[in-house]
Amino acid sequence: MGFAKLALQLPARVAAGGFILNSGLSKWQADEQAATRLHGMASGTYPFLAKVPPGDFGRLLALTEIGLGGALLLPVIPAWLAGAALSAFSGGLLGMYLRTEGMHQPNSVRPTPQGVPLAKDIWMLGIGLGLLADDLTERDATCGAQAGR
């Protein structure tokens, strides 16, 4: 990746990566009560998570956030990979927002006051998709230029 391309991607990667890394580090130090609260919310939306003990879920979520935040902050990780991971992660959070009653207004995607902390994760999906599109369009332009030779 050239310096110009990195300079364009860096603000979004730092904003999302720093936020997610901080969240993961905070969750890593969370007590059992916090892990149980996180687990309850997640398993209410995604029932298969009920089989995972709350403490394990909390640690796995923390590790996921630490890994994702680190991947976004490290420019050696390709934009398509960081973008795909961020899009998948934020898609799961937005799924929880859309499936949890009381998070959004009836018959609308507009958040209730309780839903704002999850609804704001739409910016992470936008950054993830932007990184993916940026990297894929760069590849497409490179392939097109080589084909014209």
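Read on for an overview of the structure. (Residues numbered from 1 in each chain as written. Predicted model: local features only at pLDDT ≥ 70, side-chain atom pairs only at ≥ 80, totals over all residues. Heavy atoms only, no water.)

### Describing unusual backbone geometry
Trans peptide bonds make up the majority, and among non-glycine residues the majority have a negative phi.
Consideration 1: For Asn 107, which is not glycine, the phi torsion reads 55° and is therefore positive.
Consideration 2: Tracing the sequence through the fold places Asn 107 in the loop between α4 (79-99) and α5 (116-119). (Helix = DSSP H or I, 4+ residues; strand = E, 2+ residues; numbered from the N terminus.)

### Describing the packing of aromatic side chains
Consideration 1: Here the structure, examined in full by the defined rule, presents 2 aromatic pairs.
Consideration 2: For the pair Phe 19 and Trp 123, a centre-to-centre distance of 5.5 Å together with 80° between the ring planes defines the contact as edge-to-face. In this pair, Phe 19 sits in helix α1 (residues 3-28) while Trp 123 sits in helix α6 (residues 122-147), placing the two residues 104 residues apart along the sequence.
Consideration 3: Judged by its relative accessible area of 41%, Phe 19 falls in the partly exposed class.
Consideration 4: Here the aromatic rings of Tyr 46 and Phe 48 are separated by 6.3 Å at their centres, their planes lie at 55°, and the arrangement is tilted.
Consideration 5: Judged by relative accessible area, Tyr 46 falls into the buried class, the value being 19%.
Consideration 6: Residue classification places Phe 48 among the exposed residues on the basis of a relative accessible area of 56%. (Phe/Tyr/Trp six-rings, centres within 6.5 Å; stacked < 30°, edge-to-face > 60°. Buried < 20%, exposed > 50% of the residue type's maximum accessible area, 1.4 Å probe, protein only.)

### Description of the pattern of salt bridges
Consideration 1: All chains considered together, the criterion is met by 3 salt bridges.
Consideration 2: The shortest N-O distance in the salt bridge between Arg 59 and Asp 56 comes to 2.8 Å. Remark: Asp 56 and Arg 59 occur in helix α3 (residues 54-73); sequence separation between them is 3 residues, near one turn of the helix.
Consideration 3: According to the relative accessible area criterion, Arg 59 is partly exposed, its value standing at 42%. (Salt bridge = Lys/Arg side-chain N within 4 Å of Asp/Glu carboxyl O.)

### Quick look at the packing of α1 against α4
Packed helices, taken two at a time, are described by their axes: the angle between them and the distance between them.
Consideration 1: The interhelical angle for the contact between α1 and α4, taken along N-to-C directions, is 40°, at an axis separation of 12 Å. One finds that α1 runs oblique with respect to α4. Here α1 and α4 pass one another in a crossing that is left-handed. Across the interface between the two elements, Gln 9, Arg 13, Ala 16 and Ile 20 from α1 touch Ala 79, Ala 82 and Leu 86 from α4. (Axes fitted to C-alpha atoms, helices over the stretch in contact; angles between N-to-C directions. Parallel < 35°, antiparallel > 145°, perpendicular 65-115°, else oblique. Left-handed = near helix turned anticlockwise from the far one by under 90°. Contact = heavy atoms within 4.5 Å.)

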